[in-house]
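A structural walkthrough
Now for the letters of each chain:
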Amino acid sequence: MDNISATCIENNPICAISTPPGVGGIAVARISGKGAIEIVDKIWKGTSLVNARTHTAHYGEITDSNGETLDAGVATVFKAPRSFTGEDTVEISIHGSRYIQSRLINLLVESGCRAAGAGEFTRRAFVNGRLDLASAEAVADMIASESKAAHAIAVRQMKGDYSQRLDTLRNRLTELAALLELELDFSEEDVEFASRTALRDTAIEIQATLRSLASSFKTGAAIKNGVPVAIVGAPNAGKSTLLNTLLAEERALVSPIKGTTRDTIEETIDIDGIQFRLIDTAGLRTTSDTIEQLGINRTLDKISNASIVIWLIDPTQNEETQLSEITAKIDPSSTLLKVINKSDILQTPPHTEKDTIHISAKNGDGIETLRHTLVDAVIKGLPGETDMIVTNARHYESIIAAEKAISAVIENLNAGTPEANASGYSGIMISGDIIAQDLREAIHHLGAITGAITTTDILSTVFSRFCIGK
Ligand SMILES: Nc1nc2c(ncn2[C@@H]2O[C@H](COP(=O)(O)OP(=O)(O)OP(=O)(O)O)[C@@H](O)[C@H]2O)c(=O)[nH]1
Ligand SMILES: [Mg+2]
């Protein structure tokens, strides 16, 4: 068993300042582990914290070994297992001077604590069964969330619904694997506990769920990190003007000289609670200028990495040729928006083609429509309100691996069917133990997401993303 809870659990007392580094009105130090309350009592002048009831707050003084007062503060006592970490914990609110904060940590270390590493409190909470791994990661995402949409996804994952649903999928697979394994115990008697048809139906259903989860990752990750939007087109199409108009600031240089933008310029904006990363690029054209060509190569890179590509067109020029360059690079799951600029100088009103947006980057006409279209493009990539969204690269990798294992299960189950045999498939009936093995593989990968199955490596990677004190 590679579950961490089966390995040695360290519960020595650790301490850290949990509030952000720097000066503040107050700062909070957290101390957790076996003997944590006794250690704080050594430097605490006031009510005995060891004798205090759990979930009570006490005013007192912090003193050093010479009895000199460092600060006055409030200590809140949480007794195991009713604390965030599941261990005895004290949180001391002190005045937020840098000196007091570092001196308090020194006093605690002198009294027998160790300074906590990144995410160590949350890691202990996980090891002690206070929260699952995906929920712990959602806490980190919530702390890092910078837009309403990113925050909403983190809240959904933190509530544990995500983990519960993955556990349900995993339990269904475990039951099937167990039935197959039971058959193996009775192999002499040629019994079939697990109906192959039912098994195949369930595997197909789970495969579809895993595929939809995997496809939610692109949008999920984009929402978490900002949706990349590349603005591309011919020189002078008005790309930099559009960036400036969307940002409502003169960020990029604009000029009637073709090839003004050489390097990419990236800025973030929030539209309706979704964070977008707008990328202004060098205009696409054939050039003998080495530096301009380098810029154009960057444009092509940005097209491949963007979730949305705005293809900006100057209707006074003939630019249809760029389309093939763009479509050669764009990811098939990304959105391409054809946007015709400079509506203000068109003699005849624009002829509205389906899926084409007309704007004037210069005077702002059509910009509101463009903003709505950007938001809609993101929302259409999202599963429904109640569906799960994958935002975490680690989860995505596990889902892909689980899907691969389930696909192998389905393939092996198909191999033995009369249809497969009738179609001349040379495969013979694949034995239950091979199918069970693939099922176990899928179970393992799904378990890695919620932490039902973990290795020290997984935990170290996950918790190193946290800050010290969390
Ligand atoms: N009339 C009109 N002119 C515009 C509009 N948008 C941009 N322009 C003008 O078109 C010229 C080129 O604009 P830029 O924004 O620099 O074009 P660009 O696509 O960034 O060009 P490069 O950086 O050279 O690739 C400038 O003179 C702008 O003022 C528009 O909506 N209407
Ligand atoms: Mg430009």
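Everything in this summary refers to the structure shown in the same document. (Residues numbered from 1 in each chain as written. Chains lettered and ligands numbered in written order. Predicted model: local features only at pLDDT ≥ 70, side-chain atom pairs only at ≥ 80, totals over all residues. Heavy atoms only, no water.)

1. What about a nonpolar patch on the surface?
A contiguous nonpolar surface patch, about 210 Å² in accessible area, is contributed by L179, L182 and F186. If you trace the backbone, L182 turns up in helix α6 (residues 161-185). On the accessibility criterion, L182 (34% relative accessible area) is partly exposed. (Patch = residues over 30% accessible without salt bridge, like charges linked within 9 Å, V, L, I, M, F, W, Y side chains within 5 Å. Areas by Shrake-Rupley, 256 points an atom, 1.4 Å probe, with all protein chains shown as cover. Salt bridge = Lys/Arg side-chain N within 4 Å of Asp/Glu carboxyl O. Helix = DSSP H or I, 4+ residues; strand = E, 2+ residues; numbered from the N terminus. Buried < 20%, exposed > 50% of the residue type's maximum accessible area, 1.4 Å probe, protein only.)

2. Structural notes on the environment of I399
Structurally, the position occupied by I399 is in helix α12 (residues 393-415). Remark: the alpha-carbon pair of I399 and K258, spanning 141 residues in sequence, is separated by 46 Å.

3. Some details on the site of ligand 1
Inspection of the region around ligand 1 gives 24 residues, with K239, T241, G259, T261 and D344 positioned closest. With respect to ligand 1, the side chain of S240 contributes an N or O atom lying 2.9 Å from an oxygen atom. S255 is positioned with one of its backbone polar atoms (N or O) 3.3 Å from an oxygen atom of ligand 1. For ligand 1, whose accessible area on its own is 650 Å², the fraction buried by protein is 92%. (Near = heavy atom within 4 Å. Polar contact = N/O pair within 3.5 Å; in protein donor to acceptor, adjacent residues only side chain to side chain.)

4. A short note on the coordination of the magnesium ion (ligand 2)
In this structure, S240 (OG) and T261 (OG1) serve as the protein donors to the magnesium ion (ligand 2), at separations of 2.0 Å. Separated by 21 residues along the polypeptide, S240 in helix α8 (residues 239-247) and T261 in the loop between α8 and β9 (265-271) bring together distant segments of the chain. Overall, the relative accessible area of 8% leaves S240 in the buried class. (Donors = N, O, S within 2.8 Å, 3.2 Å for Na, K, Ca; no water.)

5. Quick notes on the environment of T450
Along the chain, the position of T450 falls in helix α14 (residues 432-450). Distance in space between the C-alpha atoms of T450 and D41 is 37 Å, their sequence separation being 409 residues. Filtering out sequence-adjacent residues up to four positions away, T450 remains in contact with F126, D132, L133, A134, S163, L166 and D167. (Contact = heavy atoms within 4.5 Å.)

6. Here's the deal with the sheet that holds strand β7 (residues 114-115)
A sheet is described by the order of its strands in space; here seven strands give the open sequence β3-β4-β5-β6-β2-β1-β7, paired in mixed fashion. The sheet terminates laterally at β3 (44-46) and β7, the two strands that pair on one side only. Bridging between strand β4 (residues 56-63) and strand β5 (residues 69-78) involves eight bridges; their strand directions are antiparallel. Of the residues in β5, the one forming a bridge with A57 is T76. In the packing of helix α3 (residues 120-127) onto the sheet, contacts are made with β1 (14-17), β2 (24-32) and β7, and the angle to β1 comes to roughly 135 degrees. (Pairing = 2+ DSSP bridges. Axes fitted to C-alpha atoms, helices over the stretch in contact; angles between N-to-C directions.)

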